[in-house]
Amino acid sequence: TPKVCWPLLAIGRRHSSAYTTSEVALALLVLTHESGHLRGRGWSEAQTQCWAIRHVGYVARRLGASASELPAVLVAALEWDARLPASYRQPGCKRPAT
């Protein structure tokens, strides 16, 4: 959807300032989560989300987010993660520290 794709394109074009940190973080989290499914391991939503929240910073950097943007993006991604339904929660998932 545009809500996900446009912020991702903006990151790659170095125009992510056109979007809020929260919008960018959501787009990155969705991309990271869905790429986790593509790994082909048959993970549940909870397992995939646990993997995604631990790797969202890496994906952000690979798409061109600057090192100075990363802390705020990670905080916003963790905020989005906290809003997800219980079916996305894996007991014992180690979320990154902020």
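Data block above holds the structure.
Every chain is numbered on its own, with residues counted from 1 as its sequence reads. With pLDDT at 70 or above as the cut-off, local features in this predicted model cover only qualifying residues; side-chain atom pairs require 80 or more to be listed or tallied, and sums for whole chains, interfaces and linings still use all residues. Processing note: side-chain calculations cover all non-hydrogen atoms of the structure and skip hydrogens and water entirely.

**Structural notes on the pattern of salt bridges**
- When a carboxyl oxygen of Asp or Glu is within 4 Å of a side-chain nitrogen of Lys or Arg, the pair counts as a salt bridge. What the rule picks out here adds up to 2 salt bridges.
- One salt bridge in this structure joins Asp81 and Arg89, with 3.3 Å as the shortest N-O distance.
- When a residue's accessible area, from a 1.4 Å probe over protein chains only, is under 20% of the maximum for its type it is buried; when over 50% it is exposed; and in between it is partly exposed. Among the residues examined, Asp81 registers a relative accessible area of 1% and is labelled buried.
- Through salt bridges with shared partners, one network takes in Asp81, Arg89 and Arg95.

**Examining the environment of Leu26**
- With respect to the helices, strands and loops of the structure, Leu26 is situated in helix α2 (residues 21-37).
- Classification of Leu26 as buried rests on a relative accessible area of 15%.
- In the structure, Leu26 is positioned 52 residues away from Leu78 in sequence and 9.6 Å away in space, judged by C-alpha atoms.
- Filtering out sequence-adjacent residues up to four positions away, Leu26 remains in contact with Lys3 and Trp80. Elements are defined by DSSP. Helices are runs of H or I of four residues or more, strands are runs of E of two residues or more, and each kind is numbered from the N terminus. The contact definition used throughout considers only heavy atoms, calling two residues in contact when any of these lie within 4.5 Å.

**A word on helix α3 (residues 45-62)**
- One fitted axis covers the seven residues ending at a residue, a second covers the seven starting there, and the bend at that residue is the angle between these axes. The largest bend along α3 reaches roughly 50 degrees and is located at His55.
- Ala46, Thr48, Gln49, Cys50, Trp51, Ala52, Ile53, Val56, Val59 and Ala60 are the residues of α3 that are buried.
- The secondary structure elements touched by the buried residues of α3 are α2 and α4 (70-82).
- Backbone geometry just after α3 places Gly64 at a positive phi near 110 degrees.

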